[in-house]
Amino acid sequence: MLGLISMLLACGGAPRSVTVYQNERFEPSETFSRLFDASVEATCEAARRALLGQGYLLTAVRPDSLSATKNFQPEGDVHVQIVFNVVCAPEPSPAGSVTTAYVSAVQDRYVLKKSPNSASVGVAALGSLSIPLTASDDSLVRVASETIPAGQFYDRFFALMLRNLVAHPGDE
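Residues numbered from 1 in each chain as written. Predicted model: local features only at pLDDT ≥ 70, side-chain atom pairs only at ≥ 80, totals over all residues. Heavy atoms only, no water.

Visitor: Please clarify how the environment of Ala105 should be interpreted in this entry.
Guide: Note that Ala105 resides in strand β5 (residues 98-123). On the basis of relative accessible area, Ala105 is assigned to the buried category, the value being 0%. For the pair Ala105 and Phe84, spaced 21 residues apart in sequence, the C-alpha separation works out to 4.3 Å. If we ignore the near neighbours within four places in the chain, the residues touching Ala105 are Ile82, Val83, Phe84, Glu146, Thr147, Ile148, Phe153 and Tyr154. (Helix = DSSP H or I, 4+ residues; strand = E, 2+ residues; numbered from the N terminus. Buried < 20%, exposed > 50% of the residue type's maximum accessible area, 1.4 Å probe, protein only. Contact = heavy atoms within 4.5 Å.)

Structure, rendered in structure tokens:
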């Protein structure tokens, strides 16, 4: 009997958890970076303009990096926030200024959680009674967070950066 229980637990017991890093492929085609023929300052300025033009709020700006956020509300009780980070690094080049822009964006998802308020009243003969009150506290609770995968999202951002570099050549 004990052997049967052990076998059942081994086959259908607790679900196995796969560690996330095992799915990290480090493929050269999945890149979060692009090379630009511009200085570090001009490349980060192009990124700054791209984010501002799309409604992002800048949270940190330095000559070689910046961070920005944008909030969305796709449903009444769902809130999504994208946090964008850009780092501009110089590349050695005999032809002039070349910079790599490293970009990553994290999407956080929040839901509205209602916490009902209640009051306890002690009654000697009955004990303690909990009485629900009509008011409730609402709060946003983060339920998911993930880095947006490499692909079209970043391709569109890099294309807008390039357009900004071409449109503002004096920023170099």
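Visitor: I keep staring at the layout of surface pockets and nothing clicks. Help me out?
Guide: Over the atoms rolls a probe the size of a water molecule, and its path tells where empty space is left. Computed from the structure, the second largest pocket encloses a volume of approximately 190 Å³. Lining the second largest pocket, in full, are Ala50, Leu51, Gln54, Tyr56, Lys70, Phe72, Ile82, Phe84, Phe153, Arg156, Phe157 and Leu160. When residues of the lining of the second largest pocket are traced back to their parent elements, those giving at least two are α2 (40-53), β3 (65-75), β4 (78-91) and α3 (152-167). Ranked by the residues each element gives to the lining of the second largest pocket, the list is headed by α3, at four residues. Taken together, the residues of the lining of the second largest pocket break down into nine nonpolar, one polar and two charged. (1 Å grid on protein atoms, 1.4 Å probe; cavity = no way out; pocket = protein on both sides within 12 Å on 5 of 7 lines; lining within 4 Å. Points joined across faces, edges and corners; volume = space filled by probe spheres on them. Nonpolar A, V, L, I, M, F, W, Y, C, P; charged D, E, K, R; others polar.)

Visitor: Looking at this model, I keep getting lost on the environment of Glu45. Mind explaining?
Guide: Position of Glu45 relative to the elements: it lies in helix α2. Accessibility expressed as a relative area gives 18% for Glu45, which makes it buried. For Glu45 and Cys88, which are 43 residues apart along the polypeptide, the C-alpha to C-alpha distance reads 9.8 Å. Looking at Glu45, its side chain comes within polar contact range of the side chain of Arg48, at 2.6 Å. (Polar contact = N/O pair within 3.5 Å; in protein donor to acceptor, adjacent residues only side chain to side chain.)

Visitor: Looking at this model, I keep getting lost on α3. Mind explaining?
Guide: The α-helix advances 3.6 residues per turn, and as a result positions three or four apart in sequence lie on the same side. The end-to-end C-alpha distance of α3, which contains 16 residues, comes to 22 Å, matching closely the 22 Å that a straight helix rising 1.5 Å per residue would cover. If you check which residues of α3 are buried, you get Tyr154, Phe157, Phe158, Leu160, Met161, Asn164 and Leu165. In an axial view of α3, the angular spread of the buried residues amounts to 160 degrees, which keeps them on one side of the axis. Facing away from the buried surface of α3 by more than 90 degrees, the exposed residues are Gln152, Arg156, Arg163, Val166 and Ala167. (Expected span 1.5 Å × (residues − 1). Arc of directions from axis to C-beta.)

Visitor: Is there a simple way to explain the packing of aromatic side chains in this structure?
Guide: Here a ring pair, both rings aromatic, is described through the centre-centre distance and the interplanar angle of the planes. Per the counting criterion, the structure on display carries seven aromatic pairs. Judged by centre distance (6.3 Å) and plane angle (50 degrees), the rings of Phe36 and Phe158 are tilted. Within this pair, whereas Phe36 is found in strand β1 (residues 33-36), its partner Phe158 is found in helix α3, the two being separated by 122 residues in sequence. Residue classification places Phe158 among the buried residues on the basis of a relative accessible area of 2%. When the ring of Phe84 is compared with that of Phe157, the centres are 4.7 Å apart and the planes differ by 50 degrees; the resulting orientation is tilted. Separated by 73 residues along the polypeptide, Phe84 in strand β4 and Phe157 in helix α3 bring together distant segments of the chain. One exposure class covers both Phe84 and Phe157, and it is buried. Ring-pair connections join several aromatic residues into one group, and the members of that group are Phe32, Phe36, Tyr56, Phe84, Phe153, Tyr154, Phe157 and Phe158. (Phe/Tyr/Trp six-rings, centres within 6.5 Å; stacked < 30°, edge-to-face > 60°.)

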